[in-house]
Amino acid sequence: MRSARRGTVITGLALLGLTGVYIRALVYTPMERLQGLAQKIFYVHAPAAWAALLAFAVTGLFSLLYLITRDRKFDLVASSSAEVGVAFSLVMLTTGPLWGKPVWGTWWTWDARLTSTLFIFLLFVGYLVLRGAFNDFEIRARFSAVLGVMALVLVPFIHVTVYWFRTLHPEPVLLKPDRPSLPGVMLTTLLISIGVFTALYVGFMMQRHALTVLRDIRDEETVDANA
Amino acid sequence: MTHADPSLTLHGVFRRFGYRWVVRDVSLDVAHGEAVLLVGGNGAGKTTLLRVVSGLLKASKGRVERQGAVGMVAHHTMMYDALTARENLRFFGRLHGRSDRTRIDALLDRMGLLHVGDERIGTFSRGMLQRLAIARALLPEPRVLLLDEPLTGLDDSASRTVVEVLAELKRGGAGMMIASHQLVELVGSADRVGYMVGGRMAALEPCGDAGQVVQRYRELADRG
Amino acid sequence: MGSYETLRVALAIAAKDLLVEQRTKTAFFSSLVFAILVLTILYFARDATAVSDLDLAPGALWVTFTFAGMLGLNRAFLLERENRAVDGLRLSPATPTGIFLGKVLGNLVFVGVVELVSLPLFILFYDVPIWRQLGLLLLVIFLATTGFVAVGTLFSAIVVRTRFSEVMLPVLLLPFLFPPIVAAVQLTRRIVALRPFDELTGWLSMLAAFVVIFFFLSLLLFEAILEE
């Protein structure tokens, strides 16, 4: 399938890009004065969080599209995105503590963004577990789409809840109303990394989606052959 | 065969579960006061077809037109074990907007269950449950009656009661589809027989006696 | 089907559920005993010299309500699934809206009664000076329980179609209980500490927004769960 091959190419390029980002981060981007070397994790951590959030939004929106149109192709996109999203949220959840320990002095903090991502991860896993519980693809698609839409509405609530509870995370460094507080070079590295992670997401998605479609065709042919 | 004013019409109905097509391209209409007997092996699609006709399942393709309320009797009682026969009928009657006591008593009486009306149905025998399920199906005064193995688990006298009730409803103008293996008991009630093979309606013919129906079914099933 | 019809169907379904519950009583008593056990265990699961009763009480109350309520919700659609009674509902003129409202109402009464019976025990066990603020606490309980039950009813209809429904329900449902429970705990904390009302308004409006949004979302999505 062509989209699978194209996805492989994009993934390959993105992985090369990731190497480039790290060379740039380690060699050409200045050391953060207070956080030291640990801050370099940030160039993976934040973009992975972005990719997980993107995956989550895609799952939610395509779930909604599925419920409206009942067209299976939307379900295949939603579920592929959920699987890819699990990977990215895991990266985010593991790099967070690695950075947090030297900088904050604690592995884990219940800050709004970290907690929201933890919930996104848990919701993704719940979504995939639920999908595994049904054999009939129509029921699987319909029921998991309901969960996908519910989860999309839930996450802002979780974010506000934790934010109100307390927040310890550094202020948003990127989209500050006046001007970004991150020095120019670091910001460029971060933005490149975000671009690379987006490409990585797209590459993974295309491959995962192609696999889903192929699996679907195989199952359909198996049943027809037995009929 | 087409009727001027059928109680039930199926236009090219298909239904799939997952990747499997369970009902394929079934078209027929059932006149008022007519009964169509569905005959076919296990997995031939009879139950699924009846569920699609009832509206419980959506057709994957094609459509079903029903005139008036539908009553259905299926493998499950569709009732609550913890409630009494009367409470069950009253509850479903309420949903249909007909829960008056005299009517419920009349239905219980008709199915020979008046004396156990205040007992929980969890204690009922299979035959009693089946008769109660028929009473429930009759609550909305259905113009279309769908019966999936209505005589399973019934002894001779209970079977006769059910066959009598069906005859009465037919005279009253209800259209029926009955899926059953109990041909001897039911051929008398049926006007036509639909032979289901592999999800398709292999033939739809006037009903002969039980021997003829079995003979014809084997012919069609062998042909595949 | 008009709104009067929908209401009539909802009331019939809720009355039926409660009648079944009153017959068997198993779910009610298990939930209640469970609630008392959780309250007791949480009381002892702390360092009594470091954490006072009053500090512990709000969290204990809502953990108890959440888990006891979930026990009840699990069986909400089991009943309909058992003899495929849900097919009987779907063959009737009852709309998905009517069925959803009926199930929510039945569950609300069920969970509400469990809560109201365990509330005095909570006040007794944790020695909470709540009597003057009881109305406010009941409002918070009502709001959080309504949100919890609406989402829980939808999910209970989903998981009843899976094999391990009793495990699946908490996994799917608990993330959705996080905002209302945290809000309810924060509110309860302020209420038992006799804080002024304007310290409540923030969390209270968040809780209310959650309940309204998720109630209607669950109602809308329920139709997609019911069809086959």
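Predicted model, so just to flag it, every value in this text is computed and none were measured.

Engineer: For this particular structure, what's the right way to read the pairing of strand 8 (residues 192-197) of chain B?
Structural biologist: Strand residues, when the strand is regular, have side chains that alternate between the two faces of the sheet. Residues and elements named next belong to chain B. Taking burial as the measure, the 6 residues of strand 8 include 6 buried ones, the bulk of the element. Of the two faces of strand 8, both are covered, the one formed by Arg 192, Gly 194 and Met 196 as well as the one formed by Val 193, Tyr 195 and Val 197. The pairing of strand 3 (residues 35-39) with strand 8 spans 4 bridges and is parallel. Each residue of the ladder has a partner; that of Val 39, found in strand 8, is Tyr 195. Of the strand pairs in this sheet, strand 8 and strand 9 (residues 200-206) are connected by 6 bridges, and their pairing is antiparallel. Following the sheet pairing, Tyr 195 is matched in strand 9 by Ala 203.

Engineer: Sorry, what's going on with the packing of aromatic side chains here?
Structural biologist: Here the structure, examined in full by the defined rule, presents 30 aromatic pairs over all chains. With centroids separated by 5.6 Å and ring planes inclined at 75°, the aromatic side chains of Phe56(A) and Phe124(A) adopt a geometry described as edge-to-face. Of this pair, Phe56(A) sits in helix 2 (residues 42-69) while Phe124(A) sits in helix 4 (residues 112-132), and the two are 68 residues apart along the sequence. One aromatic cluster is present, formed by Phe157(A), Phe155(C), Phe176(C), Phe210(C) and Phe214(C) through successive ring pairs. For Lys73(A), the ring lying beneath its charged end belongs to Phe74(A), and the centroid distance is 5.4 Å. Geometry around Phe77(C) places Lys103(C) over its ring, the cationic atom sitting 5.1 Å from the centre.

Engineer: Would you mind going over the interface of chain C and chain A with me for this structure?
Structural biologist: The parts lose accessible area when they come together, and the size of an interface is often stated as this lost area. Contact with chain C, which involves 30 residues of that partner, is made by 26 residues of chain A. Both sides of the chain C and chain A interface together cover about 2500 Å² of buried area, and 85% of this is carbon and sulfur. Where chain C touches chain A, the interface holds 2 salt bridges. Between Glu227(C) and Arg70(A) there is a salt bridge, with the nearest N and O atoms lying 2.4 Å from each other.

Engineer: Is there a simple way to explain a nonpolar patch on the surface in this structure?
Structural biologist: Together, Ile23(A), Leu26(A), Val27(A), Tyr28(A), Met31(A) and Leu37(A) give the surface a local cluster of nonpolar side chains, amounting to about 670 Å² of exposed area. Its place among the elements puts Met31(A) in the loop between helix 1 (2-28) and helix 2.

So, how was this worked out
- Residues numbered from 1 in each chain as written.
- Chains lettered and ligands numbered in written order.
- Predicted model: local features only at pLDDT ≥ 70, side-chain atom pairs only at ≥ 80, totals over all residues.
- Heavy atoms only, no water.
- Buried < 20%, exposed > 50% of the residue type's maximum accessible area, 1.4 Å probe, protein only.
- Helix = DSSP H or I, 4+ residues; strand = E, 2+ residues; numbered from the N terminus.
- Pairing = 2+ DSSP bridges.
- Phe/Tyr/Trp six-rings, centres within 6.5 Å; stacked < 30°, edge-to-face > 60°.
- Lys NZ or Arg CZ within 6 Å of the ring centre and 35° of its normal.
- Contact = heavy atoms within 4.5 Å.
- Buried area = accessible area lost by both parts, 1.4 Å probe.
- Salt bridge = Lys/Arg side-chain N within 4 Å of Asp/Glu carboxyl O.
- Patch = residues over 30% accessible without salt bridge, like charges linked within 9 Å, V, L, I, M, F, W, Y side chains within 5 Å.
- Areas by Shrake-Rupley, 256 points an atom, 1.4 Å probe, with all protein chains shown as cover.

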